[in-house]
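Understanding the architecture of this molecule
What follows is each chain in one-letter form.
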Amino acid sequence: MPTYKLRGIDVDFPFEAYECQKVYMEKVIEALQNRSNALLESPTGTGKTLCLLCATLAWRKSLGGFSTGRSKKCSQSPDRDSDEPPPQSGATNLPTIVYTTRTHSQLRQVIQELKRSNYRPKMVVLGSREQLCIHDKVSLLRGKAQTHACHFLCRKRQKRHCIHYPQVADYMKQNPHLGDEPVDIEDLFNIGRRCGPCPYYLSQELHKVVDILFAPYNYLIDRGNRKSLKFDWQNSILIFDEAHNLESLCADAASFDLPSGLLTACISEAKTCIDLAVTRREDSNDKSRNPDNFAILRALLLKLEKRIAEVPIESKEFGFTKPGPYIYELLGDLNITHKTASKIINIIEEAAVLLEEDKQQKKNEMACRLESFSDILNLIFRDKVNAHADFYRVHVQEAETKATDILKGKTSRTLSWWCFNPGIAMQEFSRLGVGSIILTSGTLSPMDSFAQELKLDFPIQLENPHVISSTQIWAGVVPVGPSGYSFNSSYRNRDSLEYKQELGNAIVNFARIVPDGLLVFFPSYYILDQCIGCWKNVSSVNSTTIWERICKHKKPVIEPRQSSLFPLSIEDYMAKLKDTSSSGAIFFAVCRGKVSEGLDFADHTGRAVVVTGLPFPTSNDAKVRLKREYLDQQAQSLKEGCQALKLLTGEDWYNQQASRAVNQAVGRVIRHSRDYGAIILCDERFGYPNRQSQISRWIQPHLTCYNKFGEVAFKLTRFFRDGGMCSPTKLKLLENGNIADGRETKTAQPRDKSYSESFSTWLKPADKACSTDPISALGEVKRGNSSNQLGGILPANRSFLTPCKEDQASELMQSSGHVFKDKKSIPCRGNKQQKNHEVIDLIDDSLLDEKPSKEPQLVPLLTKKRKVLNIEHEAMQHVKNTGDHASGAQRSGSSDHPFMLTSVKVENTRTSDNRTMVNAKVHLLQKDDGAALVDAKPLGPERMGVHLSTVPCGDEETKGSVFLIQVKEKLSSVEYKEFVGLMKALKSKTMKIGQVLQSIVRLFSGPERLPLLDRFKDYVPAKYQSLYEQYLKTNAESSTSNTRN
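Computed from a prediction, not measured in an experiment: that's the story for all the values here.

Let us now look at the overall build of the chain. Looking only at helices and strands, the chain features 35 helices and 26 strands. The buried share among the 1045 residues of the chain stands at 57%. Counting only contacts in the chain whose residues sit at least 6 apart along the sequence, the fraction spanning at least 24 positions is 77%. Of the roughly 44,700 Å² of accessible surface on the chain, 49% is carried by carbon and sulfur atoms.

Moving on: the environment of Ser139. Mapped onto the elements, Ser139 comes out in the loop between helix H4 (129-132) and helix H5 (143-154). Residue class for Ser139 comes out buried when judged on its relative accessible area of 18%. Expressed as a C-alpha distance, the spacing of Ser139 and Ala149, which sit 10 residues apart in the sequence, is 9.7 Å. If sequence neighbours within four positions are ignored, Ser139 has contacts with Cys133 and Gln146. Only 2.5 Å separates the side chain of Ser139 from the backbone oxygen of His135, close enough to count as a polar contact. Separated by 3.5 Å, the side chain of Ser139 and the backbone oxygen of Asp136 make a polar contact.

Right, let's talk about the state of the cysteines for a bit. The full count for this structure, using the stated rule, is 0 disulfides. In this model Cys531 remains outside any disulfide bridge; the closest cysteine sulfur is found in Cys534, 7.2 Å from its own. Exposure remark for Cys531: the relative accessible area of 0% places this residue in the buried category.

Let's shift gears to the packing of aromatic side chains. All told, the structure shown has 29 aromatic pairs when counted by the stated rule. Residues Phe979 and Phe1004 carry aromatic rings whose centres are separated by 5.8 Å and whose planes lie at 35 degrees to one another, so their mutual orientation is tilted. Pair noted here: Phe979 is in helix H32 (residues 973-988) and Phe1004 is in the loop between helix H33 (993-1003) and helix H34 (1010-1016), with a separation of 25 residues, a long-range link. Accessibility classification places Phe979 together with Phe1004 in one group, the buried group. Measuring from centroid to centroid gives 6.1 Å for Phe1004 and Phe1016, while their planes differ by 80 degrees, and the two rings are edge-to-face.

Here we come to the pattern of salt bridges. Counted under the stated rule, the structure contains 29 salt bridges. The partner of Arg431 in a salt bridge is Glu428, and the shortest N-O contact between them spans 2.4 Å. With a gap of 3 residues between them, Arg431 and Glu428 both fall in helix H18 (residues 423-432), about one helical turn apart. On the accessibility criterion, Arg431 (61% relative accessible area) is exposed. Judged by its relative accessible area of 16%, Glu428 is buried. By sharing partners, the salt bridges in this structure join Lys48, Asp241 and Glu242 into a single network.

Moving on to helix H27 (residues 709-722). Since the α-helix advances by 3.6 residues per turn, residues separated by three or four positions end up pointing in the same direction. Spanning 14 residues, H27 covers 20 Å between terminal C-alpha atoms, matching the ideal 20 Å at 1.5 Å per step. H27 sits mainly inside the fold: 10 of its 14 residues count as buried. Where H27 is concerned, the buried positions are Phe709, Gly710, Val712, Ala713, Phe714, Leu716, Thr717, Phe719, Phe720 and Arg721.

Reading the values: the criteria
- Residues numbered from 1 in each chain as written.
- Predicted model: local features only at pLDDT ≥ 70, side-chain atom pairs only at ≥ 80, totals over all residues.
- Heavy atoms only, no water.
- Helix = DSSP H or I, 4+ residues; strand = E, 2+ residues; numbered from the N terminus.
- Buried < 20%, exposed > 50% of the residue type's maximum accessible area, 1.4 Å probe, protein only.
- Contact = heavy atoms within 4.5 Å.
- Areas by Shrake-Rupley, 256 points an atom, 1.4 Å probe, with all protein chains shown as cover.
- Polar contact = N/O pair within 3.5 Å; in protein donor to acceptor, adjacent residues only side chain to side chain.
- Disulfide = S-S within 2.5 Å.
- Phe/Tyr/Trp six-rings, centres within 6.5 Å; stacked < 30°, edge-to-face > 60°.
- Salt bridge = Lys/Arg side-chain N within 4 Å of Asp/Glu carboxyl O.
- Expected span 1.5 Å × (residues − 1).

Below, the structure written as structure tokens:
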């Protein structure tokens, strides 16, 4: 295992590190040594998590040994009357590391990275009762109902009690090594199931003696959860991984919304408590609960409901807004002050216990709503002084009123107290004496707002590049669509029919060009719904909707608005990706939605991401409007005091929110060092310099702004044809293995299963009628080391695939333009020299029964589903021998650059005024060395010339087989039968060659078949060339005459 000395610290790293990884670890150590805060961005796939763990633990180890082997030494069991076990005795003075991330699934990945490292600190993961409780009944509850049930059963002298809680202390004494090896939530849960102790309280006990603690964000930013942590905060290290949303999370944790429905539920629960207390007094003389207290609580809630209803709202759009301190005035009118708030909170706690006891008897699992009001009071009256209220705004908004409320004369309103200073939570850490705070993520850009929003100084900042090569990423700004209509998703344009149709036609093209999984992000659900509705209902001249054309290439999945339905949509997407009857799946989602947050669309699950516009926050949303006003006021007041200070204005924040959402969405692709993909930005505003400067730094060098859509289609097709293959020759990245010695390590991530399966299918003749083999145009496959070659294998452009044909006699395997017959096909080796391969047959009758493709088109051989051909040797030999081969190419000749067929087709449709919306269809039939100029004849007013670079052909048999595929693509089944009959007649000499040539010229007539006429000339014997030219001339004159008439 390599060791790197960084700033005097020896860092053990499990793999040979990239330069950017060394830089990242050095920045981490610098922050820790200097007790500074750090803001570190490193793209997903650069090993950010493992670098962070190794650097932090190496620094911690340099201060003193880890606490492994030690556990709590206490003769008493945890206090069962309290949720907080007694503090640890004998704790060391060495700093504790707290590693937090957003979700437990992300924490699970972090712990897997810890296992790959050489460091073994004492550790634990904190989880909720919902995740860790093993009690038969309590584990079925949720939220605060579960918490109160747990407290109730853990109390002393209860007839019913938890059998797991008392076992915690003994288990800790008998197992002092718990946490010495990395343990996850599942491990703790299994210990509880197997041995009996409560996993929740095990983690609560263990966290007091660990070197590193793993937990979700809310354990740090939520005031109540933070108080439950019992370690020494002095000099501790706080790490926030995946911190791109930390600002909003901190602000939300310090804010509240009190809708009318919640307040009504609280009033109802207070009435229930009165009834329960009265009943107990009457039935059992139980005076432990005073019904008068609950009556006071209910009266206060009724007054608050009335007070909110009386707030004057002049405009439904703007609502009622006051400065933050107004909340104390509003509650003061109800006699809710600092002095009385604590008493009200105590009454609510009594009410919660009373309700919980009643629910246990009635087996009712409803959560206690009164506790939400208790949380609100704790938030408002958390400090003795009200200085923090200046960072807030009071807002009352009138919501849509239900019909039942109208009949009752009620209005549905929401009282909100919104925090606009996310730094409130972070400033608490300074008072606790925290040593360093490290914020890191793959998408922090633009980084300017973080320090200003969190009110922290970040002297150490880093925007790391990616470890991928330039051939693994295609990034482009697409300002116009196929017909030249500008892409701009602003509110002025997004509702126009032209914009939605143009965007739909562009996505049709992307769905065809991009293989496998395609992600399309919209700025909002509104735009997503509007566009998909338009695509489903608006038909073109041929009565085919845009939606149907998209579905022809990829099976669609739409991100649901309801969170509960999201897992089903992911399952649907993965199932459609595996469906071999289509060329992949397309996921329509929204920026800031669940698809864009934290999901891993690696390899074939996300080959490209399309962003259809700038996802600005909703400008007329009250919270957004007030946030902008707050920042402008803050900037103005601070600017008067310091002219040179760079301040964050409301407009700056508004723009950066959009850019950060874009960066988060595009981060779904290219998830590791061997991955590749495309980033397509479909809005002309992405071409502005100020917009591009806010795109993640690792993307900027690769970003190109195109002027024509045809150029985008061509470059994107070429990228997926031969791009993405040239991954780094030494794949040293920790997450994917180390091949410095020519072999992958045991800890290397396994290859994508689909790639391995497709690759093995390619190496042997297929035995099925349908093949979807991913074949790289330039990939070189070597026997005996195929596993290491997978990173260079580019899947076929499956977006060009057509439905499987009927059963065929055999399949031809194609690689780099070569065609092999079943039994004698061999993979390319070395210089790709082919020996003893059979030539294909032109006139086998098995082909005559095939159904033609519904949409005959010439497509790239290397990106199209491989056609099934079985053609006799003699006819093909005739085609070869009759040609005048000036090059003198031999059958067994080798070619370092075999023939390649290139094609770019841009989808087109017509609008109601019969205007062509796409004007480029590019086909290439290469017969000479060098580059070919393809003149795409546009259907619209413009013409587009595209230069295509091709590889010369050195194998005439390959050229013949390519030509046969082209003929079959272009002709109908009846015409193809006629062509085969003509070739049979030519072979048997039952027709004169002049008649054959004339008939073939007639078959190949038509705009889309003209390339066949030119190509067939290569197979006309030299002495008949002039006759063939005469037929061509006659045919051209006839076509011109018909056109004029």
